[in-house]
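Descriptive analysis of the structure
Read off the chains here:
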Amino acid sequence: APRYLVVQLVRFRSNGSKISTKVKCNRRVNFGAEYKLMAASIHQGKSARSGHYVAALLYDELEERKQVLQVSDETLSLKSDSILDDSFLLFYQRV
């Protein structure tokens, strides 16, 4: 099994409008090997033509508090892990 698994969620329609349906992201998945969610890419905006991408980094120490570390340009901040429900890309590592 590969060491890393990247899952892309379709978040935009062909006309560029955003699909804003919330998707619960499992922190662990099994595809013949177990993978743990390490990071996500999230689009903040209303369409493919505008907005901003941020990263959410997951750490074991923050999981109990249901938080992630959000990276936006040069800014780091703790956020609720509910922001993962808007993920565009999910980055998993084999356990």
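Structure: above.
A few points on the structure. Sequence positions are assigned chain by chain, starting from 1 and proceeding in written order. This being a predicted model, a pLDDT of at least 70 is required before a residue's local features are given, and a value of 80 or more before pairs of side-chain atoms are given or counted; all residues contribute to the totals for chains, interfaces and linings. Just so you know, side-chain values use all the structure's heavy atoms and leave hydrogens and water out.

Notes on the environment of Lys24
Under the DSSP-based scheme used, a helix requires at least four consecutive residues in state H or I and a strand at least two consecutive residues in state E, with every element numbered from the N terminus. In this fold, Lys24 is placed in the loop between strand 1 (4-8) and strand 2 (28-30). In protein, a polar contact means a hydrogen-donor-capable atom and an acceptor-capable atom, both N or O and within 3.5 Å, with residues adjacent in sequence counting only if both atoms are side-chain atoms; elsewhere, any N or O pair within 3.5 Å suffices. In terms of polar contacts, Lys24 uses its side chain to reach the side chain of Asp85, at 3.3 Å.

What to know about the pairing of strand 5 (residues 67-72)
In this description, strands pair whenever DSSP reports at least two bridges between them. Strand direction decides the pairing type here: strand 4 (residues 50-57) and strand 5, joined by three bridges, are antiparallel. Following the sheet pairing, Leu57 is matched in strand 5 by Leu69. By the bridge criterion, six bridges tie strand 5 to strand 6 (residues 75-80) in an arrangement that is antiparallel. Directly across from Gln70, in strand 6, lies its bridge partner Ser77. What sits between the antiparallel neighbours strand 5 and strand 6 is a turn of two residues, in which Asp73 has the positive phi angle 55 degrees.

Regarding the side chain of Ser47
Among the structural elements, Ser47 can be located in strand 3 (residues 34-47). Looking at Ser47, its side chain comes within polar contact range of the main-chain nitrogen of Arg49, at 3.2 Å.

Side note on the environment of Asp60
Of note, Asp60 is situated in helix 1 (residues 60-63). Separated by 55 residues in the primary sequence, Asp60 and Leu5 place their C-alpha atoms 19 Å from one another. Of the polar contacts made by the side chain of Asp60, one reaches the side chain of Lys36; its length is 2.2 Å.

Don't take any of this as a statement about function, it's just geometry.
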